[in-house]
Amino acid sequence: MIPAPMQLDFTARELTVKLVYYGPALSGKTTNLQAIHKMVQSDASGRLMTLETRDDRTLFFDLLPLSFQAGAGLSVRLKLFTVPGQVIHDATRRLVLQGADGVVFVADSQRAETRANQRAFLNMKENLRENGMQPERVPLVIQFNKRDLPDIRTDEEIDALSQKSPEPVYKAVATRGTGVVETFLGLMDRTWLHLEKEHGLEQKFDLEPSRFLKDVRQRLGFTRGGER
Amino acid sequence: MTQAQASPIDLTLGDLARLEEVVDREALSDVCRSFFELFGLSIRVLSKDGALLADVHQEREICQYVNGLSGGATACARTVAEVKTAKPDGGPVLVGCFTGGRYRVEPIRYQGRQVGRFVIGPYLPAETRAVPRSLLEIDPGVVDDDALKALAEMPRVRPETAERLATHFRKVVDLLLFSSHRAHLTSEMHVASVREGYRELAEKTAKLQQAYNRLKELDKLKSNFLATVSHELRTPLTSIIGYSEMLEAGIAGDLGGEQREFVETIRRKGDHLLALITSLLDLSKLEQGALRLEREPLVPKDLLDEIATTFLPRAIQKTILIEVEAAENLPAIDGDPVRLRQVLSNLVDNAMKFTPDGGTILLRAVETDLVGGEDGEMGMVLMAAARPAICVEVKDSGAGMKAEELPRIFDAFYQVDGSSTREHGGAGLGLSIVKRLVEAHEGEVRVSSEVGVGTTFSVTLPAVESDL
């Protein structure tokens, strides 16, 4: 079963991109979506849909739909999903991951959660493979969330490691909205570069080079931030 | 993804394919009715491909009036067609009617996509004062006063009010859509998760089944191998023993002291090897279910005495005391004498190995019942038929075993401690043969042990039922 990522509709000039927030339980995936929902320009955002929660824990997924008109009359729809982090919901996690065009891995910065982060990351790779995707080829950024908590992995530690990391690494306090937009735009950049390389979208949609990413920032109201 | 094709919702993107498959028409009609009651404006909701999903309207007096005129009906149909085909892709579209009325066609967008439209009207722009020329020209029979009277009944709406009303309705519909969409997604996710969970389980079960089948196959191969090898080993060994016996008996001439001693050792070790091979053969026969029992009534006390006598020389050598405790009048065991002797010999042999010098081995037979069925099984009090039985215990005062070792000691080739094999000999077959032989008698064998105190094997065997 090879899922079809990124939907293109040439007649409607419509592009749909699926981004998934993955990570261990309670690492702040939903909080990321909530923060984006709050910050995005209201006409670009649909309602944040939360499917089945119990005690504030996601059971199925959260979905934040964003949409805007990009240059050259292109209608862009971004679908931001979170997976349920708890170990038992693996089947659901795999379903939500299907057809992801890009993934944010939200890690918990607390030292005690290091193992949980590792396990969730391995689980993500496994589930990508199960879905017929090559983990190495999926656009990915990593976010170290909860930077405001005590006993976390230090900035120096993360900075030193991210030097060697092939994926961009972001630090965030999602509850305050810090680093959330940067992470999102970082993933958007990578995802677009990937889709552009795979499908030559700029040519197909007659877009000026790198215009799309400027549009994303502008239309969603993220004119600042997004630098790594 | 097949499940996505069959459902109105694409699970990968969480998109809804068609408005009408998600939204509840009754609820939509209710919302439209309440809008109509509140503002007095007709309202219709259409899907993307033009299907009418909700329609609450009132035929206006002016409509009745123009429909009574020859040119009116045609012109009205033209207006209706124009409203129906209006494409509000870029935003609301206003369609004017020749009566001066107006229809406002609004897109319904959801998650960045147009999924349908709604139509408010007809209404008159608030500033309308006179009968419009377009109405007067439609038919020569139009009477200005009558038309004006009919128009007076039409609701009048200012452009900014129309905008606000449309926004309000759009928000209500959006909420309705959102709730329906979420409910649908939730149930789809439920089904998909269960299906995915089931798929995963089925895959694992298949893998386990495969592994199980392979193990069963291997087990069969092992049994066959054992049978063949034992048989092939026994044939030459019988000759070796036979010839050493002949040598011992002096058939090939007298033997000197050391020669006799060597030949004796060859014969004794040969016997030992033969016994081992025989037990291997027994085991494979038992595993293949090829063993036939020759049953007859056996007096428990005689059986125990006989075993004790057999082991007496070894017991004396090790200064171990063998005690027999069995009443004379116990019911007879219904068993195969050769096989039961083998069972008890194996147990006593085992006890001898592990009982230190100066220890005691107790052989005891008592009357008991054999109860069929598993403990705790449903209706066990009804289903389990008790059968008179004899319990034979072999109790030693050896080193004992730890509780966690007990469940495995009846496995073939299992040794509690690998090192004891070298010290005590044996291939770890004795107890597994005991278990299989006892089970072939429909009996049970149990073990209890305490480290440092000793081990007790209890063999329960069916007794001959006197009243049958």
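Below is a summary of the structure that appears in this document. (Residues numbered from 1 in each chain as written. Chains lettered and ligands numbered in written order. Predicted model: local features only at pLDDT ≥ 70, side-chain atom pairs only at ≥ 80, totals over all residues. Heavy atoms only, no water.)

Some points on the overall build of chain A
A count of helices and strands for chain A gives seven helices and eight strands. Looking at chain A as a whole, 57% of its 228 residues are labelled buried. Here chain A has roughly 10,300 Å² of accessible surface; of this, 48% comes from carbon and sulfur atoms. (Helix = DSSP H or I, 4+ residues; strand = E, 2+ residues; numbered from the N terminus. Buried < 20%, exposed > 50% of the residue type's maximum accessible area, 1.4 Å probe, protein only. Areas by Shrake-Rupley, 256 points an atom, 1.4 Å probe, with all protein chains shown as cover.)

Describing the packing of aromatic side chains
Scanning the entire structure with this criterion turns up nine aromatic pairs over all chains. Where Phe184 of chain A meets Phe222 of chain A, the ring centres are 5.9 Å apart and the plane angle is 75°; that geometry is what we call edge-to-face. Placement of the pair is Phe184 of chain A in helix α5 (residues 180-199) and Phe222 of chain A in the segment after α7 (211-220), with a sequence separation of 38 residues. Per residue, the accessibility class of Phe184 of chain A equals that of Phe222 of chain A, and both read buried. An aromatic cluster is defined as three or more aromatic residues linked by ring pairs; in this entry it consists of Phe35, Phe39, Phe118 and Phe169 of chain B. Positioned over the ring face of Phe178 of chain B is Arg47 of chain A, at 5.5 Å from the centre of the ring. Its end group placed over the ring of Phe410 of chain B, Lys435 of chain B keeps NZ or CZ at 5.8 Å from the ring centre. (Phe/Tyr/Trp six-rings, centres within 6.5 Å; stacked < 30°, edge-to-face > 60°. Lys NZ or Arg CZ within 6 Å of the ring centre and 35° of its normal.)

Comments concerning α5 of chain A
With 20 residues, α5 of chain A ought to run about 28 Å at 1.5 Å a step, and its terminal C-alpha atoms sit 28 Å apart, in line with that. One or two positions beyond α5 of chain A, positive phi appears at Gly200 of chain A, with a value near 55°. (Expected span 1.5 Å × (residues − 1).)

A look at the nonpolar core
Ranked by internal contacts, the top residues of the largest apolar core, which has 60 residues, are Phe61 of chain A together with Phe169 of chain B. Ignoring anything within four residues of it in the chain, the contact list for Phe61 of chain A reads Met49, Thr50, Leu51, Phe81, Thr82 and Val96 of chain A together with Leu185 and Met189 of chain B. Counting residues in each nonpolar core, the second largest holds 46 residues, with Leu298, Ile307, Leu429 and Val445 of chain B among its members. (Core = buried A, V, L, I, M, F, W, Y, C linked by side-chain atoms within 4.5 Å. Contact = heavy atoms within 4.5 Å.)

Concerning the interface of chain B and chain A
Every contact between the two is made by 27 residues of chain B and, on the other side, 29 residues of chain A. If you sort the residues of chain B by the area they bury against chain A, Leu13, Gln111 and Met189 of chain B come out on top, with a joint share of 26%. Here chain B and chain A share seven salt bridges between them. Here Glu14 of chain A makes a salt bridge to Arg113 of chain B, at a shortest N to O gap of 2.7 Å. Broken down by element, the residue count for the side of chain B that touches chain A peaks at 15 residues, all from helix α8 (residues 159-248) of chain B. Class assignment of the residues belonging to the side of chain B that touches chain A gives a composition of nine nonpolar, 10 polar and eight charged. (Buried area = accessible area lost by both parts, 1.4 Å probe. Salt bridge = Lys/Arg side-chain N within 4 Å of Asp/Glu carboxyl O. Nonpolar A, V, L, I, M, F, W, Y, C, P; charged D, E, K, R; others polar.)

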